[in-house]
Amino acid sequence: MGNFHLSHLLLFLTTLGVVLAVSSPDGPSDSYWLLRIKSKFVDPFGVLENWSEGTSICTWNGVACSNDQFHIVNLNLSSSGLEGSISPEFAHLTSLRVIDLSDNFLNGTIPPALGELHNLEELLLFSNFLTGEIPVEIGHLGKLQVLRIGANMLTGQLIPEIGDLSELRVLALAYCQFSGKIPNEIGNLKHLKNLDLQQNSLTGPIPESIGGCKNLQNFAASNNRIRGQIPASIGQLESLEILNLANNSISGSVPVELRHLSNLKYLNLFGNDLEGEIPFELNQLVQLETLDLSNNNLSGIISLLNTQLKNLQTVALSGNFLTGSIPSNFCLHGSSLSLLILAENKLSGNFPLELLNCTSLRQLDLSSNNFGGMLPRGIDRLQSLTDLLLNNNSFTGTIPPEIGNLTNLEDLYLFHNMLSGGIPVEIGKLQRLSELYLYENQLSGSIPVELTNCSSLTSVDFFGNQFSGSIPVNIGRLKNLVVLQLRQNELSGPIPPSLGYCSKLQKLALADNKLSGSIPPTFRFLSELDLITLYNNSFEGPLPESLSLLKNLSIINFSHNKFSGSISPLAGSHSLTVLDLTNNSFSGPIPSELALSKNLTRLRLANNFFTGELPSELGQLEDLRFLDLSFNNLTGDLVPAFSGLKNLGHFLLSSNQFSGRIPTWLGGIDGLGELDLSFNNFTGTVPAELGNCPRLLKLSLSSNKLSGTIPPELGNLTSLNVLDLQSNNLSGSIPLTLQQCKKLYELRLSENNLSGSIPYEIGTLSELQVILDLSKNHLSGEIPSSLGNLVKLERLNLSFNQLQGKIPPSLEKLSSLHRLNLSYNHFQGQIPSTFSGFPLSSFTGNNKLCGPPSLSCSELKGQETKRLSNAGVVGITVAIVLTATVICMVLLYIMLRIWCNWRKVTISCSETGGFEKKKEEGNWVYGEEIKSGSKYWNVNNMSPVKSPCKEKQISTGTCMFNLSKSSSDRSERPLV
């Protein structure tokens, strides 16, 4: 029981302590709520550490109390690094006049409970991460004078309740994501001085009610989506000093009512859709210091007169359609004008001499107009000039030497004009000159040595002129040089070694000149160099090993020179993105260290003497988009390691000695746009997987040893422009699926073993233009009439096939055709008349074709008739000869039989003693012939026997048809 009473006693004492604390004169009530508010914050820097019980809240960080020390009137915790959300418990601090929680990391929404702080005069919540919309309860803050909640992530529309804040002086809602229109109620804010709505997504027009803000001094609504015209009521804001409506979509003209803004100092209407002329009435804005009407659609002449706008310091009218020139009384002596930007208009005439009176000018930009003539020699009257931009005009003549008197000049832009002559030596006096851009002129002569006196130079660009001679030997004096662009001139000689002492140099472009020699060893000191282009010169020799020290190199282009040796020194930088060494005499293997440049996107080593196999490490270059190794002596297969080149767009390996099969993994490179493996030793078939490369524009596999058929999957390459499979061993027919390659403008399938007919569907490839070459195959059938639809085709070659039939009349529609070869086929009929202009060689080997340029069809028919007649005569002659021959043989046979019989009778008579005279006569007649014959033919020197018996043998032997004699008989028989 005693314990029960004791516990009740403790509870009572605790409650009493709380009551006493709440009712204490030090204001513990506010301390209670502040501690509740503290609990919602995350305080990483301990700013709120002294917020604790037992101490006076008036000593707490950021807290200011009323004079009686009972109430909090000001809470300033700006830039304290606080995180967390804003507690609705603020509503209990009813005496608060100022809340500043700006520039922290607070999130969440703005508590609607803040609308209960009826004494609040300033609410500063800008530069946090607050979200949500503006609570309508804010409109209850009748005493609020400053509302700055910009630079947050607030959304929604500008609530009309803002118009209830009748005491508001500052409304800053910039750099949020507000949308919708500017509410009409904004015009109720009679005391408003500062209205900042810039960098939101506000739309609609500026309300006419804006004219009700009579005390408005600053109105900034730039970088929104405001449309419509500038309301004339803005002219009623006589206190306005700043009007910034830049980067919107405001249209119409510049209202003349602006002339009433007698206190206006800053007028910025940049980046809108304003049109019409610049109102002459703007000359009444005598307090105006800055005028920016750039990037609109204004036209007409410049009507601004500095004689009236005496306080004008900055005029920017660039990016319009202004014409004419500068008014003659534009500037008075003693003018305050320091910046004049008139770029990108249509101003014309000579250099405006009126501007020479603007002696306070520091920046003069007349670029991108139509000014011409010579630059005035009196240019040095503008002694204050720091920036002179006259580029992109048509100025002629020479650079006046007086330009060397502009000793404050820092930037001189004269590029893209028609200036000629040399650079005046006086330019060496410009000690402050930082940027000198003279590119794309007609300047000539040598680069003056005096230029190296301009010790502040950071950028020199002489691209596209006609400078000759050598680069100044002491160019190394330009210690601050960052960019040196001398490309496309006629400079000769070696690179000065002193250039290596420009240790801040980052970009060096010496390409397209006549420079020679080798790279100086001093280049090892260019440690910040990230770009070097030396292409199209005559540099030679090996690369210095010291180049491997340049670790920041990202872009190297040494193409089209005579460099030799190894490229290993260039593999020292692991920052390479582009390496182009095309057309040199580099040799040896490709270093595998190149794979350490993980950001390499372009590698071009074509037209050199590289040998060996490709390093498999190159397959690790996942960002590589362009690989050109053509025209080298590289060997080996395309190993699977290269399948990692997933971003490859151009893969060019032509004219090497690669072998093996074309890998199927090439079909897995989605972005492949160009594949050239021609003139190698690849074998096997064309991979069907290549049909999986939807972006492929060029496929060249010509001059290999490929076999098999053309895969129909190639028809899936609907973006293909060039298909070159010529000079292989491909067979089968031309796949019909090629009709799906509607963008083909070059198709080469010649020098293969293709058979079958030419598909009719080829005629649907209406973009074929460069060539259709199907020559040197085994194609048969007729030319499909659909080829007449290829009206863009310039070259057609169907020669050396087995095509037949007539040339289709539809081919006469090929009006763009300027080369045609149908030779060595089996065509017949008349050649279309439109082809008469082609040479006879276009139709050679087709004996049944007629018409120009070949024989006329009547001549061809006559020749065929004559050939038939001649054939008949020959046949008759052959028949007569054969008949006569047979008759002669028969007669000869009969005569020989008679003669044989006669000889028998003669020999018989001589054996009986009669006919002695005949016998002697016979010996006289035949004896010598027999003797002679026996001497010639008897190689055993056998003597002739003259006995009657032997003569009988001879007589019987003279019968040429006696074929049954033994070989021994023939050996003794004299030949007659």
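Parameters at a glance
- Residues numbered from 1 in each chain as written.
- Predicted model: local features only at pLDDT ≥ 70, side-chain atom pairs only at ≥ 80, totals over all residues.
- Heavy atoms only, no water.
- UniProt positions renumbered as here; feature names shortened; annotations may be inferred.
- Pairing = 2+ DSSP bridges.
- Helix = DSSP H or I, 4+ residues; strand = E, 2+ residues; numbered from the N terminus.
- Axes fitted to C-alpha atoms, helices over the stretch in contact; angles between N-to-C directions.
- Phe/Tyr/Trp six-rings, centres within 6.5 Å; stacked < 30°, edge-to-face > 60°.
- Buried < 20%, exposed > 50% of the residue type's maximum accessible area, 1.4 Å probe, protein only.
- Lys NZ or Arg CZ within 6 Å of the ring centre and 35° of its normal.
- Contact = heavy atoms within 4.5 Å.
- 1 Å grid on protein atoms, 1.4 Å probe; cavity = no way out; pocket = protein on both sides within 12 Å on 5 of 7 lines; lining within 4 Å.
- Points joined across faces, edges and corners; volume = space filled by probe spheres on them.
- Nonpolar A, V, L, I, M, F, W, Y, C, P; charged D, E, K, R; others polar.
- Polar contact = N/O pair within 3.5 Å; in protein donor to acceptor, adjacent residues only side chain to side chain.
- Disulfide = S-S within 2.5 Å.

Naming follows an unreviewed UniProt entry, where the protein chain appears as LRR receptor-like serine/threonine-protein kinase GSO2 of Nicotiana attenuata. Quoted straight from UniProt, the Subcellular location (unreviewed entry) entry for the protein chain says "Membrane".

A. Local environment of the pairing of strand 36 (residues 514-517). In this sheet, strand 36 lies alongside strand 34 (residues 490-493) in parallel orientation, the contact comprising 2 bridges. Looking across to strand 36, one finds that serine 492 is bridged to lysine 514.

B. Spotlight on the sheet that holds strand 22 (residues 348-350). Pairing is parallel across the open sheet formed by 3 strands, whose spatial order is 22-24-26. Only two strands of the sheet have a single partner each, and these edge strands are strand 22 and strand 26 (394-396). Each strand of the sheet is rotated relative to its neighbour by a mean of 10°, with strand direction disregarded.

C. Structural detail: the packing of aromatic side chains. Evaluated as defined, the whole model comprises 18 aromatic pairs. With a centroid separation of 6.2 Å and 15° between ring planes, the pair formed by phenylalanine 105 and phenylalanine 129 is classed as stacked. Linking phenylalanine 105 in strand 6 (residues 105-107) with phenylalanine 129 in the loop between strand 7 (122-124) and strand 8 (146-148), this pair joins segments that are 24 residues apart in sequence. Arranged with centres 6.5 Å apart and planes meeting at 50°, the rings of phenylalanine 351 and phenylalanine 395 form a pair that is tilted. Here phenylalanine 351 is found in the loop between strand 22 and strand 23 (363-365), whereas its partner phenylalanine 395 is found in strand 26, with 44 residues between them in sequence. Side by side, phenylalanine 351 and phenylalanine 395 carry an identical accessibility label, which is buried. These aromatic residues form a ring-pair network of at least three members: Tyr413, Phe415, Tyr437 and Tyr439. Taking NZ or CZ as reference, arginine 148 lies 4.2 Å from the ring centre of phenylalanine 126, over its face.

D. View of the environment of glycine 81. With respect to the helices, strands and loops of the structure, glycine 81 is situated in the loop between strand 3 (72-76) and strand 4 (83-85). Owing to a relative accessible area of 8%, glycine 81 belongs among the buried residues under this scheme. The residues touching glycine 81, leaving out its near neighbours within four places in the chain, are Val42, Pro44, Phe45, Asn104 and Phe105.

E. Just the sheet that holds strand 4, in detail. The strand order across the open sheet built from 3 strands is 1-4-6, with neighbouring strands paired in mixed fashion. The open sheet has two edge strands with one neighbour each: strand 1 (41-42) and strand 6. Pairing between strand 4 and strand 6: 3 bridges, direction parallel. Note on strand 6: the bridge partner recorded for serine 85 is asparagine 107.

F. Broad picture of the environment of serine 459. The topology assignment puts serine 459 in strand 31 (residues 459-461). Along the backbone, serine 459 and leucine 505 are 46 residues apart, and their C-alpha atoms lie at a distance of 9.4 Å. Apart from residues no more than four positions distant in its own chain, serine 459 is found in contact with Ser434, Glu435, Leu436, Tyr437, Leu481 and Val483.

G. Highlighting empty space enclosed by the protein. Applying the stated criterion across every chain yields a total of 2 cavities of 30 Å³ or more. The calculated volume of the largest cavity comes to roughly 70 Å³. If you go around the largest cavity, the residues you meet are Ile447, Leu451, Thr452, Val460, Phe462, Ile471, Pro472, Ile475, Leu478, Leu484 and Leu486. Tallied by class, residues from the lining of the largest cavity come to 10 nonpolar, 1 polar and no charged. Each pocket or cavity is described by its volume, and for the second largest cavity that value is around 30 Å³. As for the second largest cavity, its lining consists of Ile532, Leu547, Leu550, Leu553, Ile556, Phe558 and Leu570. Among the residues making up the lining of the second largest cavity, the classes are represented as 7 nonpolar, no polar and no charged.

H. Representation of the side chain of asparagine 513 within the structure. Relative to the helices and strands, asparagine 513 resides in the loop between strand 35 (507-509) and strand 36. At 3.0 Å, the side chain of asparagine 513 forms a polar contact with the backbone oxygen of leucine 486. Of note is the side chain of asparagine 513, whose polar atom sits 3.0 Å from the backbone nitrogen of leucine 491. In this view, asparagine 513 contacts Leu486, Arg487, Gln488, Asn489, Glu490, Leu491, Asn536 and Asn537; residues no more than four positions away in its chain are not counted.

I. Summary view of the UniProt feature "domain: Leucine-rich repeat-containing N-terminal plant-type" (unreviewed entry) in the protein chain. Those places that UniProt annotates as "domain: Leucine-rich repeat-containing N-terminal plant-type" (unreviewed entry) correspond, in this numbering, to residues 29-66. What you have in residues 29-66 is 26% helix and 13% strand, and the ends, taken at the C-alpha atoms, are 14 Å apart.

J. Region of the structure containing the state of the cysteines. Under the defined criterion, the tally for this structure stands at 2 disulfides. In this model cysteine 58 forms its disulfide with cysteine 65; the gap between the sulfur atoms is 2.1 Å. The disulfide joining cysteine 58 to cysteine 65 has a torsion of about -110° about its S-S bond and is therefore left-handed. Each sulfur in the disulfide pair cysteine 331 and cysteine 358 lies 1.8 Å from the other. Given an S-S torsion of about 115°, the disulfide between cysteine 331 and cysteine 358 has right-handed geometry. You can see cysteine 331 sitting in the loop between strand 20 (321-322) and strand 21 (339-341) and its partner cysteine 358 sitting in the loop between strand 22 and strand 23, a full 27 residues away along the chain.

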